[in-house]
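As a plain string of letters, each chain reads:
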Amino acid sequence: MNTDVLIIGQGISGTWLSFYLEKNGIDYFVIDQENPHTASRQAGGLINPVTGRNKVKTWLADQLLPFCMTAYQQIGDYLGIAVVESKAIIECFTNPEAAALFSRRVKENPQYLEIPNANPIQLNLFQNCKELGLIKPALVVNVPLLLSQWRAKLRGLGKIGEYNFDLNHLIETDKGFKYQHISCKRIIFCDGATIQERNISTSIPLAPTKGEALILKIKGLPSSYVYKNKLTLLPLAETDYWWVGSSYEWAFEHTRPTSLFKEQTVLALEKWLAIPFEVIEQRAAVRMGTMERRPLVGFDSPEKKWGLLNGMGTKGCSLAPYFASQLVENMIQGSAIDPEANCTRFQ
Ligand SMILES: Cc1cc2nc3c(=O)[nH]c(=O)nc-3n(C[C@H](O)[C@H](O)[C@H](O)COP(=O)(O)OP(=O)(O)OC[C@H]3O[C@@H](n4cnc5c(N)ncnc54)[C@H](O)[C@@H]3O)c2cc1C
């Protein structure tokens, strides 16, 4: 089989890269070994315009929010499914100081922050909730649905090999590469945490972090909002099911869920929610980031044979579509990749 681009990985990065290649009529083939314990399969799917206690605008928020809304609607239309919803995030303040701090941030960032005139939900759903703040717009992506439906599409098109890619069997040729029965001009790695297993440049400051989350059943919490204190509580597509997470661990002994995270999160939820909840499932995965919290996008040389779309950290849902599009534009027109994200910054 001859193809232009061989993509390794169909997480959120490989999904978006293959979508933009498909849209632009560039031939590709994806190799992905189904693995439910990867970052994209565990993500909450939130795209939040502000970050941290200080509600600082996230990197590129003004571009990413509108770009992602359109992009997710486009891929959803292509697949005949709805994969994105715009939702406000509600913060509940238990003391006047927290509300006052948020009010000050509203003045600095009125585009995304608001103190509502009327409470959009009953305050007694939460413990000691005195006042609410709103962060909006935020987007919630149904990542499992998107990945499974895109995979089904790739199967139908005969453009996916569902097996492990072994770099030892990749042969570089004058025209590109040969991998088993596949000949391609270039190869682009969207392999998430597996990047560590390849012998890539040691000058790239990779920063893998483990994230854990719980799936809950909660009756009576309005699903038109996302709720946030230190944790994020996101409504899932199935009625009364919620995702709560996540941890951010630099040091971890293994990548599986831990009882410690479950105990701490249940305790925090008991202090936060005033209504009952039930833990249904535990999740964990490693997200690949970089020390400077910028992704790894681009090709290692002007010949554009070896490419990378990785390092999405905690923001794969917004960064992957945006930078997959830049990468494909770069291949077609030679247009620039954001220098802060271009992987050549480490050369
Ligand atoms: C608990 C948790 C919660 C998160 N919540 C959010 C959130 O709410 N919003 C947000 O924007 N981000 C969130 N993230 C971060 C987000 O999940 C990641 O940024 C994103 O999923 C990275 O996607 P990726 O496609 O680059 O990598 P991955 O998801 O790791 O995908 C890599 C793919 O490559 C495949 N692969 C790798 N090596 C091989 C090989 N040799 N052969 C075949 N296949 C291979 C893997 O099986 C996998 O399918 C969260 C992460 C975690 C862990």
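Everything numeric in this text was worked out from a predicted model, so none of it was measured. (Residues numbered from 1 in each chain as written. Predicted model: local features only at pLDDT ≥ 70, side-chain atom pairs only at ≥ 80, totals over all residues.)

(A) Structural view of unusual backbone geometry. The omega angle of the peptide bond from Lys136 to Pro137 is 0°, so this bond is cis rather than trans. The omega torsion across Gly245 and Ser246 is -15°, close enough to zero to call that bond cis. Not every positive phi belongs to a glycine, and Asn128 is a case in point at roughly 55°. In this fold, Asn128 is placed in the loop between strand 7 (113–114) and strand 8 (131–141). Using a count of 13 C-beta atoms within 10 Å as the deciding quantity, one classes Asn128 as partly exposed. Positive phi, normally seen in glycine, also occurs at Gln180, with a value near 50°. Its location among the elements puts Gln180 in the loop between strand 11 (177–179) and strand 12 (182–189). (Helix = DSSP H or I, 4+ residues; strand = E, 2+ residues; numbered from the N terminus. Buried ≥ 20, exposed ≤ 12 C-beta atoms within 10 Å, placed from the backbone.)

(B) Region of interest: the domain arrangement of the chain. Segmentation of the chain into domains returns domain 1 (2–43 + 144–205 + 291–346), domain 2 (46–141) and domain 3 (206–289). Within the residue set of the side of domain 1 that touches domain 2, elements represented by two or more residues are helix 5 (143–157) and helix 7 (316–333). When residues in the side of domain 1 that touches domain 2 are grouped by element, the largest group, five residues, is from helix 5. In the side of domain 1 that touches domain 2, the residues fall into seven nonpolar, two polar and one charged. (Domains from an automatic or database assignment. Nonpolar A, V, L, I, M, F, W, Y, C, P; charged D, E, K, R; others polar.)

(C) Broad picture of the site of the ligand. Inspection of the region around the ligand gives 41 residues, with Gly9, Gly11, Gly192, Gly211 and Gly316 positioned closest. Among the elements of the structure, helix 1 (12–23), helix 2 (39–42), strand 3 (46–47), strand 13 (206–217), strand 17 (278–290) and helix 7 are those that each provide at least two residues to the shell around the ligand. Here the shell around the ligand spans two domains, since at least three of its residues come from each of domain 1 (2–43 + 144–205 + 291–346) and domain 3 (206–289). (Near = placed C-beta within 6 Å.)

(D) Structural context of helix 1. In this model helix 1 runs 17 Å from its N-terminal to its C-terminal C-alpha over 12 residues, within 8% of the 16 Å that 1.5 Å per residue would give. Counted residue by residue, helix 1 has 10 buried out of 12 residues, so it is predominantly covered. By the burial criterion, the buried members of helix 1 are Ile12, Ser13, Gly14, Thr15, Trp16, Leu17, Ser18, Phe19, Tyr20 and Leu21. Gly25, located one to two residues past helix 1, shows a positive phi value of around 70°. (Expected span 1.5 Å × (residues − 1).)

(E) Region of the structure containing the pairing of strand 8. With two bridges joining them, strand 3 and strand 8 adopt antiparallel strand pairing. Following the sheet pairing, Ile47 is matched in strand 8 by Leu139. One ladder, built from nine bridges, connects strand 6 (residues 84–93) with strand 8; its direction is antiparallel. Bridging across to strand 8, Lys87 finds its partner in Ala138. (Pairing = 2+ DSSP bridges.)

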